[in-house]
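The chain contents come next:
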Amino acid sequence: AVQTLMEALGPLTVPEYPEPITSDNVVQAMRESWAPSLIEEGLASEWWRHRKAFMGQLLTALANQLQDGVGDIDVMRLGFAILRALEERHVFVSLSDSESAAALRPTGWDGALRDVPGDFLMVADTNLGFNKVNPNIVQRVTYHVDLRDPEHPQATLMLDHRNVSSDTGMECRHEARYDLTYEQMMQRCYWDYVRVLAPAGSRLVEATPHPVSDTLLLTGVARPGDAQILPEEAGRSVFATFFVLAPGERVETRLVYDLPPDVIELEEGGLHYRLTVQKQGGTTANEVRVSVALPTGSTSVRFSPVSGVEEHGVVSFDLRLQTDIELEISAQRR
């Protein structure tokens, strides 16, 4: 979000930093300012309290630029930057007035789970590893929907996670500890708690188990690795799993679940299917492949976005989750 805004605002002067801050160096500046010059007895607690102080200094500089340099700011460019940060879910808006908050909800800028008809998918990853490894995690989502029997639609979700961190030779230790640089905190193992949000009434059929040994967990208690079925959240079914991913490793998770029939709108002589894939806030634009198998004999197939491809009764889309994805398919049946 800060990078996006600074592309529009230009260089900023932060008194506590030795050079002007730009969109190109702001992330590096954050990491350098986080890192302690040294940690000695008596200094560690002082550093810990102020390790994120640079963020406040940077936002103060941003606010001053907006207030004092308004005549030099390209307002149109800044407006588009703010809109992009909102649409790509890097910024959320919270309003205390309930009426205003309700009016904001259709934009999706409040971060709430979207209340939309049809099929729905959101994958939410949570790092439980006391580290900063997230920038080194590459995720790919493959979502296949089988509509060949419209009364019993079924989804198969494949999650591919890779930890591209450098292998430092250190064992995965589930503990809170600090390195001397932010980059070192990034070269670690990934303890990922994954939740999948699906349409209400979805029923989990099978899931890849991810056993985790007792030596990899702070509790010292091993996990059998079975997927969990959690209580509904905001009108969505929720499935969860957990795994540990060391540097250089890759793990695949397969979830198969029955969808409720109302994800499809049956029309006279045809059907209409729509899917919303909601992006998790603060994430990069992960690759998403969606494929939908239509009933045998489907004709006059129309779909959006037009980048989709139909072949042998399956419509496929290769997309990037930069903003929420919305797609629709209509087909006639003989």
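Everything here concerns the structure above.
Along each chain, residue indices are assigned from 1 in the same order as the chain's sequence is written. Local features in this predicted model are restricted to residues of pLDDT 70 or higher, and side-chain atom pairs are both shown and tallied only at a pLDDT of 80 or more, whereas totals for entire chains, interfaces and linings draw on every residue. The side-chain figures draw on all heavy atoms in the structure; neither hydrogens nor water molecules are used.

Is there a simple way to think about the overall build of the protein chain in this case?
Numbering of helices and strands runs from the N terminus, with a helix taken as a DSSP run of H or I at least four residues long and a strand as a DSSP run of E at least two residues long. The helix and strand inventory of the protein chain stands at 7 helices and 15 strands. In terms of principal-axis extent, the alpha carbons of the protein chain reach across some 75 × 60 × 40 Å. Relative accessibility decides the category of a residue: with a 1.4 Å probe and only protein chains considered, values under 20% of the type maximum give buried, values over 50% give exposed, and everything between is partly exposed. With 334 residues in all, the protein chain has 43% of them scored as buried. Of the contacts made within the protein chain by residues no fewer than 6 positions apart, 73% connect residues no fewer than 24 positions apart. Carbon together with sulfur atoms contributes 51% to the accessible area of the protein chain, which is approximately 17,900 Å² in total. Throughout, a contact is declared for two residues whenever any of their heavy atoms are within 4.5 Å. The protein chains shown are the only cover counted for residues, whose accessible areas, like all others here, come from Shrake-Rupley with a 1.4 Å probe.

How do you make sense of the state of the cysteines when you look at a structure like this?
Joining two cysteines, a disulfide is a covalent bond between their sulfur atoms. When two cysteine sulfur atoms are found within 2.5 Å, that pair is recorded as a disulfide. All told, the structure shown has 1 disulfide when counted by the stated rule. Each sulfur of the disulfide joining Cys 172 and Cys 189 lies 2.0 Å from the other. One disulfide, between Cys 172 and Cys 189, carries an S-S torsion of -80° and so falls in the left-handed class. One end of the pair, Cys 172, is in the loop between β3 (154-163) and α7 (182-186); the other, Cys 189, is in the loop between α7 and β4 (190-199), and 17 residues separate them in sequence. We note that Cys 172, like Cys 189, is buried.

Just to check I follow, could you spell out unusual backbone geometry for this structure?
Excluding glycine, residues mostly have negative phi values, and the peptide bonds linking residues are mostly trans. Cis geometry marks the peptide bond from Ser 304 to Pro 305; its omega dihedral reads 5°. Among the structural elements, Pro 305 can be located in the loop between β12 (298-304) and β13 (309-311). With a phi close to 60°, Arg 89 is a non-glycine residue in the positive phi region. Mapping Arg 89 onto the fold places it in the loop between α5 (75-87) and α6 (98-104). The class for Arg 89 is buried, based on a relative accessible area of 4%. In this structure, His 312 takes a positive phi of about 55° despite not being glycine.

When you look at the sheet that holds β13 in this model, what are you seeing that I'm missing?
Hydrogen bonds between backbone groups are what pair the strands of a sheet, and the pairing can be parallel or antiparallel. Pairing in this open sheet of 7 strands is mixed, and the strands run β5-β8-β3-β2-β11-β14-β13 from one edge to the other. A single partner strand is all that each edge strand has here, and the edge strands are β5 (203-207) and β13. Neighbour-to-neighbour, the strand axes of this sheet turn through a mean angle of 20°, independent of strand direction. Whether two strands pair depends on DSSP finding at least two bridges between them. Two elements, strand β2 (residues 137-146) and strand β11 (residues 286-293), share 7 bridges in a ladder whose sense is parallel. Bridged to Val 145 within β11 is Val 292. Each axis is a line fitted through C-alpha atoms, and for a helix only the stretch in contact is used; angles between axes span 0 to 180 degrees, taken between their N-to-C directions.

I keep staring at the nonpolar core and nothing clicks. Help me out?
The criterion is simple. A nonpolar core is a set of buried Ala, Val, Leu, Ile, Met, Phe, Trp, Tyr and Cys residues joined through side-chain atoms within 4.5 Å. Of all hydrophobic cores here, the largest spans 42 residues; its most connected members are Tyr 143, Leu 157, Tyr 257 and Tyr 273. Non-local contacts of Tyr 257, meaning those with residues more than four positions away in its chain, are made with Leu 121, Tyr 143, Gln 154, Ala 155, Leu 157, Val 196, Ala 198, Ser 202, Arg 203, Leu 204, Val 205 and Phe 239. Counting 17 residues, the second-largest nonpolar core is a separate cluster that includes Met 6, Val 14, Val 26 and Ala 29.

How do you make sense of the side chain of Ser 330 when you look at a structure like this?
Following the sequence through the fold, Ser 330 ends up in strand β15 (residues 325-333). At a separation of 2.6 Å, a polar atom in the side chain of Ser 330 contacts the side chain of His 272. Leave out the neighbours within four places in its chain, and Ser 330 touches Leu 271, His 272, Ser 300, Val 301 and Arg 302. Distance and chemistry together define a polar contact, namely a pair of N or O atoms within 3.5 Å, with one atom able to donate a hydrogen and the other to accept it when in protein, and with adjacent residues in sequence counting only for side-chain atoms on both sides.

When you look at the pairing of β2 in this model, what are you seeing that I'm missing?
Look at any regular strand and the pattern is simple: side chains alternate between the two faces of the sheet. Looking at chain direction, β2 and β3 are connected through 10 bridges and run antiparallel. Bridged to Ile 137 within β3 is Asn 163.

Is there a simple way to explain the pairing of β3 in this structure?
With respect to burial, β3 is a largely interior element, 7 of its 10 residues being buried. Here 9 bridges tie β3 to strand β8 (residues 250-258), and the two strands are oriented antiparallel to one another. Within β8, the residue paired with Met 158 across the bridge is Arg 254.

Just checking my understanding: could you explain the environment of Leu 197 for this structure?
Locating Leu 197 in the fold gives a position in strand β4. On the basis of relative accessibility, which here comes to 2%, the residue Leu 197 falls in the buried class. Sequence-wise, Leu 197 and Glu 232 are 35 residues apart; in three dimensions their C-alpha atoms are separated by 8.8 Å. If we skip the residues at most four places from it in the chain, Leu 197 touches Leu 113, Phe 120, Leu 121, Met 122, Glu 233, Arg 236, Ser 237 and Val 238.

I would appreciate a short explanation of the side chain of Asp 160 in the present structure.
As for its position among the elements, Asp 160 is in strand β3. With near-sequence residues (within four places) excluded, Asp 160 lies in contact with Val 138, Gln 139, Arg 140, Arg 250, Val 251 and Glu 252.

Help me understand a nonpolar patch on the surface, please; the structure alone is not making it clear to me.
Here a patch means residues that are over 30% exposed by relative accessible area and free of salt bridges, tied together within 9 Å if like-charged and within 5 Å if nonpolar (Val, Leu, Ile, Met, Phe, Trp, Tyr). Each salt bridge in this description consists of a side-chain nitrogen of Lys or Arg and a carboxyl oxygen of Asp or Glu lying within 4 Å of one another. A grouping of Met 76, Phe 80 and Leu 83 is seen on the molecular surface, where their side chains present a nonpolar patch of about 330 Å² in accessible area. With respect to the helices, strands and loops of the structure, Phe 80 is situated in helix α5.

Looking at this model, I keep getting lost on the pattern of salt bridges. Mind explaining?
Oppositely charged side chains are able to pair whenever their charged atoms sit close together. A complete count under the given rule lists 19 salt bridges for this structure. Of the charged contacts, one joins Glu 175 and Arg 177 as a salt bridge, the two residues approaching to 3.8 Å between their closest N and O atoms. Residue classification places Glu 175 among the partly exposed positions, given a relative accessible area of 27%. A salt bridge links Arg 188 to Asp 179, with the shortest nitrogen-to-oxygen separation between them at 2.9 Å.

Everything listed is a geometric property; what it means functionally is a separate question.
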